[in-house]
Amino acid sequence: MALSYEFTEEQEDLREMVREFAQAEILPLVEEAERHEKFPVEILPKLGELGLLGIVFPEEYGGIGADKITECIFVEEMAKVCAGITASVNAHADLAAFPIYKFGTDEQKERYLPRSIAGEIVGAYAITEPNTGSDAAGLATRAEKKNGGYVINGRKNFITNGTLCDYCLVAAYTDRSNRGEGISVFIVDRNTPGFEVTRKLEKMGHRSSDTAELVFEDCEVPAEALLGGKEGAFGALMEALITGRVSHGVKSAAIAEAAFDAARQYALEREAFGRPLAKFQAIRFKLAQMATKIEAAKSLAYKAAWLYASGKPCVKEASMAKYFSAEVADWVTREAVQIHGGYGYIVEYPVERYYRDAKLASITEGTSEIQQLIISRELGL
Amino acid sequence: MKIAVCVKEVPDAGPGRRMDPGTMRLDRSGERSLNSYDLNAVEEALRLKEAAGEGEVVLVSMGQEKALESIRKALAMGADRAVLISDEGAAGSDLVATSYVLAKALEREAPQLVLFGQSAQDSDGAVLWASVAERLKLPMVSQISELEVAGGQITAKRQTEFGYDRIQSPLPAVLAVADSLNEPRYPSLKGIMGAKKKPQDVVKLADLGVEADRAGQAGSRTTVSALNPPPSRGDTVKIEDDGTGAQKIMAFLVERKFA
Ligand SMILES: Cc1cc2nc3c(=O)[nH]c(=O)nc-3n(C[C@H](O)[C@H](O)[C@H](O)COP(=O)(O)OP(=O)(O)OC[C@H]3O[C@@H](n4cnc5c(N)ncnc54)[C@H](O)[C@@H]3O)c2cc1C
Ligand SMILES: Cc1cc2nc3c(=O)[nH]c(=O)nc-3n(C[C@H](O)[C@H](O)[C@H](O)COP(=O)(O)OP(=O)(O)OC[C@H]3O[C@@H](n4cnc5c(N)ncnc54)[C@H](O)[C@@H]3O)c2cc1C
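### Quick notes on empty space enclosed by the protein
Residue and element names in this part refer to chain A. Throughout the structure, instances matching the rule amount to 1 cavity of 30 Å³ or more. Space inside the largest cavity adds up to approximately 50 Å³. Contributing to the lining of the largest cavity are Leu 52, Leu 53, Gly 54, Ile 55, Glu 71, Phe 74, Val 75, Val 89, Asn 90, Ala 93 and Asp 94. Among the secondary structure elements, those contributing two or more residues to the lining of the largest cavity are helix 3 (68-81) and helix 4 (83-103). A per-class count over the lining of the largest cavity returns 7 nonpolar, 2 polar and 2 charged.

### So, helix 1 (residues 9-36) of chain A
Residues and elements named next belong to chain A. With 28 residues, helix 1 should cover 40 Å at 1.5 Å per step; its first-to-last C-alpha distance of 39 Å lies within 8% of that length. Along helix 1, the sharpest kink reaches roughly 45 degrees, centred on Ile 26 and followed within four residues by the proline Pro 28. One or two residues past the end of helix 1 sits Glu 37, with phi positive at roughly 50 degrees.

### Digging into the interface of chain A and chain B
In this assembly, 18 residues from chain A lie in contact with 10 residues from chain B. In total, about 1,400 Å² of surface goes out of reach between chain A and chain B, with carbon and sulfur atoms giving 61% of it. Among the residues chain A hides against chain B, the three largest losses belong to Glu9(A), Glu10(A) and Ile64(A). Together they make up 38% of the total. Taken together, the connections running from chain A to chain B amount to 4 salt bridges. With a closest N to O distance of 3.1 Å, Glu9(A) and Lys196(B) form a salt bridge. Inspection of the region where chain A meets chain B yields 6 residue pairs in polar contact (both at pLDDT 80 or more). Ranked by residue count, the leading element in the side of chain A that touches chain B is helix 1 of chain A, at 10 residues.

### Side note on the site of ligand 2
All names here are of chain B. In the neighbourhood of ligand 2, 31 residues make up the surrounding shell, with Cys 6, Lys 8, Asp 38, Ser 93 and Gly 125 lying closest. In this structure, an oxygen atom belonging to ligand 2 sits 2.9 Å away from a main-chain N or O atom of Leu 128. When isolated, ligand 2 has an accessible area of 920 Å², and the protein chains bury 86% of it. Going through the elements one at a time, strand 6 (56-62), helix 3 (95-109) and helix 4 (128-136) are the ones with two or more residues in the shell around ligand 2. In terms of residue class, the shell around ligand 2 is made up of 14 nonpolar, 10 polar and 7 charged.

### Observations concerning the pattern of salt bridges
All names here are of chain A. One pass over the structure, following the stated rule, counts 47 salt bridges over all chains. Note that Arg 155 is salt-bridged to Glu 213, the shortest N-O span being 3.7 Å. Residue Arg 155 is found in strand 3 (residues 149-160), and its partner Glu 213 is found in strand 7 (residues 211-221); the two are separated by 58 residues along the sequence. Taken together, the salt bridges that share partners define one network made up of Arg 15, Arg 19, Glu 76, Glu 77, Lys 80, Glu 257 and Lys 298.

### So, the packing of helix 3 of chain B against helix 4 of chain B
Residue and element names in this part refer to chain B. Contact geometry of helix 3 with helix 4 gives a least axis separation of 9 Å together with a crossing angle of 55 degrees. The orientation of helix 3 relative to helix 4 falls into the category oblique. For the pair helix 3 and helix 4, the sense of crossing is right-handed. Contacts from Leu 95, Val 96, Thr 98, Ser 99, Tyr 100, Leu 102, Ala 103, Leu 106 and Glu 107 in helix 3 reach Leu 128, Ser 131, Val 132, Arg 135 and Leu 136 in helix 4.

### Considerations on the packing of aromatic side chains
Residues and elements named next belong to chain A. In this structure the tally under the stated criterion is 12 aromatic pairs over all chains. Both rings, one in Tyr 266 and one in Tyr 343, keep their centres 6.5 Å apart while their planes meet at 55 degrees; by these two values the pair is tilted. Note that Tyr 266 is positioned in helix 7 (residues 242-269) and Tyr 343 in the loop between helix 9 (315-339) and helix 10 (351-360), a separation of 77 residues in sequence. By relative accessible area, Tyr 343 is classed as partly exposed at 38%.

### Regarding the sheet that holds strand 13 (residues 200-203) of chain B
Residues and elements named next belong to chain B. Ordered in space as 11-10-9-12-8-1-6-7-13, the 9 strands form an open sheet in which the pairing is mixed. Whereas interior strands pair on both sides, the edge strands pair on one side only; in this sheet they are strand 11 (164-170) and strand 13. Looking at each pair of strands side by side, their axes are set apart by 30 degrees on average, direction ignored. As paired elements, strand 8 (residues 113-116) and strand 12 (residues 173-177) share 4 bridges and run parallel to each other. Bridge pairing links Leu 115 to Leu 175 in strand 12.

### With respect to the nonpolar core
Counting residues in hydrophobic clusters, the biggest one holds 106 residues, and the most contacted among them are Ile26(A), Leu47(A), Leu52(A), Val89(A), Val5(B) and Leu59(B). Apart from residues lying up to four places away in sequence, Leu52(A) is in contact with Leu14(A), Met17(A), Val18(A), Leu47(A), Phe74(A) and Leu189(B).

### Here's the deal with the site of ligand 1
Residues and elements named next belong to chain A. Taken together, the neighbourhood of ligand 1 is formed by 19 residues, with Thr 128, Ser 134, Phe 158, Thr 367 and Glu 369 sitting nearest. Here a nitrogen atom of ligand 1 and a side-chain polar atom of Thr 128 are 2.6 Å apart. Within the backbone of Gly 133, one N or O atom sits 3.2 Å away from an oxygen atom of ligand 1. Alone, ligand 1 offers 970 Å² of accessible surface; in the complex the protein occludes 66% of this. Secondary-structure elements contributing two or more residues to the shell around ligand 1 are strand 1 (123-126), strand 3 and helix 11 (368-378). In terms of residue count, strand 3 provides more of the shell around ligand 1 than any other element does, 3 residues in total. When the residues that make up the shell around ligand 1 are grouped by side-chain class, the tally is 8 nonpolar, 8 polar and 3 charged.

### Concerning a nonpolar patch on the surface
Residue and element names in this part refer to chain A. A contiguous nonpolar patch, built from Tyr 343, Tyr 345 and Ile 346 and spanning about 370 Å² of accessible area, is present on the exposed surface. Relative to the helices and strands, Ile 346 resides in the loop between helix 9 and helix 10. With a relative accessible area of 39%, Ile 346 lands in the partly exposed category.

### Observations regarding helix 5 (residues 106-118) of chain A
Residues and elements named next belong to chain A. Its 13 residues place the ends of helix 5 18 Å apart at the C-alpha level, agreeing with the 18 Å of an ideal helix rising 1.5 Å per residue. The sharpest bend along helix 5 reaches about 30 degrees and sits at Tyr 112, with the proline Pro 114 one to four residues further on. The set of residues buried in helix 5 consists of Gln 108, Lys 109, Tyr 112, Leu 113, Ser 116 and Ile 117. Its buried side turned inward, helix 5 meets helix 2 (43-49), helix 4, strand 4 (167-173) and strand 5 (183-189). Just past helix 5, the residue Gly 119 takes up positive phi, approximately 80 degrees.

Rules of the game
Residues numbered from 1 in each chain as written. Chains lettered and ligands numbered in written order. Predicted model: local features only at pLDDT ≥ 70, side-chain atom pairs only at ≥ 80, totals over all residues. Heavy atoms only, no water. 1 Å grid on protein atoms, 1.4 Å probe; cavity = no way out; pocket = protein on both sides within 12 Å on 5 of 7 lines; lining within 4 Å. Points joined across faces, edges and corners; volume = space filled by probe spheres on them. Helix = DSSP H or I, 4+ residues; strand = E, 2+ residues; numbered from the N terminus. Nonpolar A, V, L, I, M, F, W, Y, C, P; charged D, E, K, R; others polar. Expected span 1.5 Å × (residues − 1). Bend = angle between axes of the 7 residues up to and from the residue. Contact = heavy atoms within 4.5 Å. Buried area = accessible area lost by both parts, 1.4 Å probe. Salt bridge = Lys/Arg side-chain N within 4 Å of Asp/Glu carboxyl O. Polar contact = N/O pair within 3.5 Å; in protein donor to acceptor, adjacent residues only side chain to side chain. Near = heavy atom within 4 Å. Areas by Shrake-Rupley, 256 points an atom, 1.4 Å probe, with all protein chains shown as cover. Axes fitted to C-alpha atoms, helices over the stretch in contact; angles between N-to-C directions. Parallel < 35°, antiparallel > 145°, perpendicular 65-115°, else oblique. Left-handed = near helix turned anticlockwise from the far one by under 90°. Phe/Tyr/Trp six-rings, centres within 6.5 Å; stacked < 30°, edge-to-face > 60°. Buried < 20%, exposed > 50% of the residue type's maximum accessible area, 1.4 Å probe, protein only. Pairing = 2+ DSSP bridges. Core = buried A, V, L, I, M, F, W, Y, C linked by side-chain atoms within 4.5 Å. Patch = residues over 30% accessible without salt bridge, like charges linked within 9 Å, V, L, I, M, F, W, Y side chains within 5 Å.

Okay, structure coming up:
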């Protein structure tokens, strides 16, 4: 009887707390944040105070020292309320602060982690460039040694939290002769001369998350800005991004679930041809399929989280979870709009947002094609 | 300063809530949570402790053993420990019995302040604190919307139907807080992770020296003789909306001089 699908009491209590918090403190901000494409950055200190930005970080930096499963519960309940806001929070905690904890020097951890975990400063991470995304090793940004430090030149695109970050992890070649391996990561403070935010990007979905284009022009950073004090840390960083894929698995399933809940309710209330939509087999079965797929997506995502939390290999499962949940979210949200009929197309109803939000899942942090590439590699193909 | 907060687990509101025809008591088997008004009392106790920089916040509750699951929320918010009186012999306690048992538990704790929520969402008597205070022979203030504790006494602003009373009382005292007094905090994740490890004493009636005939059905002075659905209101009018619904409602209200 070892297989268990039970969360601990603490995890259940966390779920209840995040649910209450998200309903009372996040939901009222969503409409405005989505409309004006502005991440409500004031929620970060609140999340910090509740310990929600430091779930997997050790206590010495102000974290909780809990596991990935616990963090996923937080992501799930947040994403049910707003995927965009969740994306910004994840980019900050999972993708900017987490690699510093994983690979940073003691000084870097001291300098960035406590304040990141408290929500006092915001982090971003920048790998993607205008001319390369999936092929991360194809990036063009370079960092050259100068005066004991480095000079960074290049452009980054689609950077979450780009407009409001206080620091940004930047991937740049320090050794051009070594494709992939020659990429290093720098922690660049926002006020460093030569670090410009050139454009905020207007998006189809995830509008409450800021996304920007960044330019580094003769941007001089000290040697201490090199993540972990070692050149060539990029490969390790990419591996660390597994944690983000697991989170995505849960997040996409949560978007799907929000859409399903809305569609189910609507099908019970809306009548056509003299009876509720839910009485038509075509609709009932669709809802049954939606619920089944969501359940499967969540199970896979939490299995990946469990593997990760247990320190077991999970490259394959993390990619499967991200890929499968993204496809499920894509399909479920589309069908949820369909069940709403004309109202599904109207901004007043939340399903159109879920539909737009879900689309990002198969694009960001490794597209669905790239996840399949990783999975097939793991399958020995 | 030692502060006791009386808290109660209640069944979640909603259509599922029902009276059990067998026991003629409320069915407490479904989803349950901590009475939300009690969170205001917990919050106030924590603020008083934090302001004083020392002290202890003890939760006191009577209920089923599984009530600890709900009580953990208050521990996660920051209360130091919990005492739960859980005993088969306490089932079916009415106001008389409940107040007696709680008073016994509070006597044993001997706190300087006893805080209550304004009412319980299930039975909604909004009166238990008065009976407990009477049994403890302590001063009591209810509906507190502002509270100050200094120099061994409390100053409270008490909401009334006509305005406010400003009341001073020496300590120890029993206080029932209004939900307007404060905004209860969310339990932090750190609090949640630590809550289970905090002391949670489940005590029996005998541990408190409560005689068997003073608790439960035996100690109650209320007898439920029958359960009946509320009588239907004879003058109900059902208006089907055929496009003129709004006018019909207006006409109805005007006729009854409501509009
Ligand atoms: C809202 C948003 C936020 C983002 N936030 C960040 C961020 O914070 N930091 C960051 O660094 N990046 C971020 N990104 C970038 C994101 O990770 C990339 O968009 C993604 O990795 C895809 O890269 P690309 O856009 O260059 O597409 P391309 O790599 O050009 O891909 C185009 C298409 O080709 C397919 N394709 C590419 N290679 C292959 C192959 N070998 N086999 C089969 N198909 C292939 C892709 O799957 C895709 O369908 C964000 C993107 C968006 C939209
Ligand atoms: C015949 C009869 C049988 C009953 N049987 C049961 C039973 O089996 N189980 C049961 O739980 N109730 C039972 N009750 C209800 C119980 O008597 C009341 O809950 C109790 O008297 C308190 O009244 P109230 O809930 O209206 O609280 P209120 O006066 O509305 O509550 C005010 C405050 O008192 C505190 N408080 C209330 N109840 C408790 C408690 N139990 N422990 C600690 N603090 C508390 C809270 O701070 C609350 O905010 C029964 C009542 C009757 C009449």
